[in-house]
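# Secondary and tertiary structure notes
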Amino acid sequence: MTDDDATEPQEGTSADESGDFAEMRAAKPWLKLINEAEKTFAEYHDKADNIETLYADLKSMSASNGEREMKIFWANLEVLKPSIYARPPVPVVTPKFKSRKPLPRAAADVLERCLLASFDMEHVDEPLKGVRDDLAIVGRGVLWLRDDGDEESGVEAVRYEHVERRDFVHSPSRKWSEVEWVAKRSWLSKDKGKKRFPDTWDSVNLKERKDPASDGSDVEKQGEVWELWHKDKGVVVWVSPNQKEDSDVLDIRLPHINLQGFWPCPKPAYGTLEPHTLKPVPDFVYYRDQIKEINELTERISALSDGMKLRGFYAAGNGDLSSAVQAAMKAQQNNAILIPVANMSAMGTASLKDSVVWLPVADVAMTIEKCIALRQQLIQDVYQITGISDIMRGSTDASETLGAQQLKSQYGNVRIRDRQEAMISLALSMTEIAAEIMAENFSAETLKAMSQVDDIPSAEDVQMQIQQIMAQVQQAMSDPQAMAMAQQQPEQAQQLLQQAQGQIEQLQQTITFDAVVGLLKEQKVRPFVLDIETNSTIQPDEQADKQMRTEAMAALGQFMAQALPLVQAQPETGPFVAGTLKWVANGFRMGREMETAIDEFSDKIAEVAKQPKQPSPEMMKMQAEAENAKEELALQERELSIKEQEVQIKGGEVALKQQDMNRRDTETAINAADKAETHRANAEAVDREDAKDMQEGDRLDQLTEVVSQLAQAVTEMRNAMMGGQ
C-alpha cells in the first residue's frame, strides 16, 4: 500500500462539476484547521518520539560506548502487546432479533462471506498489529479504510491501512462524538500527483520527506497532501501545506462512500487520555522515573562489577603506594592478581602473613547486592504500575497456590482490559465500515464472486424458468391432440395445470441474489435487519478454554437430563425449558455456531410443546385394539341386521302366501255354496212343478250324490293345501 494510492478518490461530485463548493475552495482556512490541531497535539507527539526512541532505536543500542541499560520497557511491551491483541477478528453477520426470514438470512450469509474474503485477501492482521503497537507504546492507534475500485479492470476491494501517528489529526474535542473532522496525510510523487490532481498539482512545492524510514538517505522529493473529511460540512478536501500562497485546495468533493458514521476510519484505539480531551497520555510517563532509576542502578552495578576483582599488594623496590593502588584498580588482566609495592612498611607489619595485603572486595560485593535488591524492588514497582502480573510474564513461585496464581492472572487481565476492549471496538467498527462499503458500492458480480454462493439463483434465472413453464402450458393449449386428451380426461388435465401454477408460485417466492443485493444496498433498512459483530481478538487461554467447555457440557447435560423428561410429561413447560436452556448457555462463550444450534433447539422445544401430546406406545396399542374390537362389533351388528332383514323378507313372503290361500279357500267355498244353493233351488222347483214326474226323482238323487262328492273333494283339496304349507 503506497501513500499516493491512499489519496485516490472514487466517484463523487467534484467542485468543478457542482459549483456548490466555490466558497470552500480556498486552501488557507483548511490548512489553518490542520495547523491548529497539530499545535494542540505537538506536546504529545514530542513525548511519543522520545518514547519510541527508548523502545527501539537501533543506532543508539548498537553503539559500543553506550550506557548499560535494563530493557525492561521493551520487555514489558512484548508481554503487553499479545495480551492486548493476538489474532485477527472473524466477522459475524446475523439477522437482528434472530429473524428466520429467508431473505435476511441469505443477505447475512453473503455479507459475512464477503467480509471473510476481504480480511483474508488484505491480510487485515498486519494493520491491526500496527494499531496495537501504537496503542501499547504511545497510547493511540489509528486505522483507515478505503474503497479501492478500479473502473478499468473492474476490481473492487476494501483497503485497511494503519496510519502513522503524525499522519493523523482531528479537530480538538472533549470526546470522539464531538469531533468535527479528521484528516490523514499522504505523500505523492511528482508523477502520481500530476495524475491525481492534473489542474492543481503545479501549485505544490515538492520537498524531501522527513521520515525515519529514509535514514538520511537521498529520497525523491514528494508533495505533502492532507485528505480531510469534514462531517459538519459534508465534504472531502485534499489540500497541501506546500501550496503556493492564496492557492485553492487541490480538490473538494462530496464523499464517494455514504457511511453511517461519515468518516472512513473507526474511533482510534485509545489508552489513557487527559481529562476532557482526546490527547493521549502514554503509559510510559507513569513509570518513567522508575525506569530511569533502574537504568542508573544497572550502570552502577556494571561499574562495580568491572572493579570487583581480586587484587593484592606485596613488597617491592622503590615506588609509591598510591600509584600501586591505582595500577591495581586499572588492571584489566584477570591473571594479574598481585601488585608490587616499594614502601610495603607503610601498609602494616612485616610478618609473613601480612606480607600480602588484599583489596576489600567483600565491601564491593555487598554494595552490588544492595544495588541489585534495590533494582528488583524498582522492577516490582514497575509491574505494579503497569499491572503486569508474574503469571503473564511466565514467572511464578513454586510455593504459591493455584488460587494465588489465578488471582494474579485475573488482576493483570483487569488492568489491561480497557486496552483489549479498545482493540475489539476498533475491530468491530472496522468490520461495520467495510460491510457498508461492500454493501453499497460493490457490484452484484463482485459480491457473488467474493461470497462464492452458488445456491442462490439470479432473478434472470428464475424468470427464465417461469417463462419456460408458461411456454410449455401455452404449447399444450395450442396442441389439438393435447386438448382432445384434456377433454377426454378433464381431471388429469386440471391436475397438470394446477401443478404448473404451483411451480410458478414457488419460483416467484424463491430468494434471488438480486433481492439479496437490493437489501444490502438499502441503507435505511439494512442497519435494522442485519447485526454485524466480531469475535474476540484476544488469544484465549487453552487451559481456561478447556475448563470452560467441560463446565458447559456438565451444566447443559445435567439440565437436559432433568428438563427433557419434564417436557415429555408436561408439554406446556416447553417454553419455560427453552428459555432456561438459553439462559444457561449464555453463561458460556460457545461461539456463533453453537449458540445458533442451541437457539434452534430451544425453538423446536417450544414448537413441540404447542403440538398435541403424542400417546405412549402402550396407549397406542390399546387404542388400536379397541378400534379393531369396535370394527368387529360393528361388522357383527351389520351381519345380524342383514339376517334380520332376510328373516323379515321371508316372513313377508309366507304371509303373502297365507293370504293368497285364504282368498282361494274363500272363493272356493263361495262357489261351492252358490252351486249348492242353485241345485237346491232347482230341486225344489222340480219338486213343486213336476211332482208328478217320478222319473225326475231319480235324477235328483243322482244330482245330490254329485254335490256330496264335490263337497268332499273340496274338503280334501283344502286339507291337502294345508298339509303342503
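Everything in this summary refers to the structure shown in the same document. (Residues numbered from 1 in each chain as written. Predicted model: local features only at pLDDT ≥ 70, side-chain atom pairs only at ≥ 80, totals over all residues. Heavy atoms only, no water.)

## So, the sheet that holds strand 6 (residues 223–230)
Spatial strand order, 4-5-6-7-8: five strands in an open sheet with antiparallel pairing. Since the sheet does not close on itself, it has two edges, and those belong to strand 4 (168–170) and strand 8 (251–253), each with one partner. Taking the axes of each pair of neighbouring strands and ignoring which way they run, one obtains an average angle of 20° across the sheet. Here three bridges tie strand 7 (residues 235–239) to strand 8, and the two strands are oriented antiparallel to one another. The residue of strand 8 that forms the bridge with Val237 is Ile252. (Pairing = 2+ DSSP bridges. Helix = DSSP H or I, 4+ residues; strand = E, 2+ residues; numbered from the N terminus. Axes fitted to C-alpha atoms, helices over the stretch in contact; angles between N-to-C directions.)

## Focus: the pattern of salt bridges
What the rule picks out here adds up to 24 salt bridges. Between Glu78 and Lys81 there is a salt bridge, and its shortest N-O distance comes to 3.0 Å. Residue Glu78 and its partner Lys81 are located together in helix 6 (residues 72–84), separated by three residues, close to a single helical turn. A residue is classified by how much of its surface remains accessible, and Glu78, at 31% relative accessible area, is partly exposed. Residue classification places Lys81 among the buried residues on the basis of a relative accessible area of 8%. Among the salt bridges present, the one from Glu178 reaches Arg174, with a minimum N-O distance of 2.8 Å. (Salt bridge = Lys/Arg side-chain N within 4 Å of Asp/Glu carboxyl O. Buried < 20%, exposed > 50% of the residue type's maximum accessible area, 1.4 Å probe, protein only.)

## Quick look at the pairing of strand 5 (residues 181–188)
In terms of residue burial, strand 5 counts as a mostly covered element, since eight of its eight residues are buried. The alternating pattern of strand 5 places Trp181, Ala183, Arg185 and Trp187 on one face and Val182, Lys184, Ser186 and Leu188 on the opposite face, and all of these are buried. Of the pairings in the sheet, the one linking strand 4 to strand 5 comprises three bridges and is antiparallel in character. What sits directly across from His170, in strand 5, is Val182. Pairing geometry for strand 5 and strand 6, over eight bridges, is antiparallel. Across the sheet, residue Trp187 finds its bridge partner in strand 6, namely Glu224.

## Overview of the environment of Ala157
Tracing the backbone shows Ala157 in strand 3 (residues 155–163). Using a relative accessible area of 10% as the deciding quantity, one classes Ala157 as buried. The spatial distance from the C-alpha of Ala157 to the C-alpha of Ala434 is 9.5 Å, given a sequence separation of 277 residues. Those residues within four positions of Ala157 in sequence are excluded, and the remaining contacts are Glu122, Arg146, Asp147, Asp148 and Phe442. (Contact = heavy atoms within 4.5 Å.)

## Quick look at helix 19 (residues 513–521)
Each full turn of the α-helix corresponds to 3.6 residues, which orients residues three or four apart in the same direction. By the burial criterion, the buried members of helix 19 are Phe513, Val516, Val517, Leu519 and Leu520. Taken end-on, helix 19 shows its buried residues confined to a sector of 160°, consistent with a single buried face. (Arc of directions from axis to C-beta.)

## Digging into the pairing of strand 7
The buried fraction of strand 7 amounts to five of the five residues, a majority that puts the element mostly inside the structure. Here strand 7 shows no split at all, with Val235, Val237 and Val239 on one side and Val236 and Trp238 on the other all buried. The turn joining strand 6 and strand 7, which pair antiparallel and follow one another in sequence, is formed by four residues; a positive phi near 70° is taken by Gly234.

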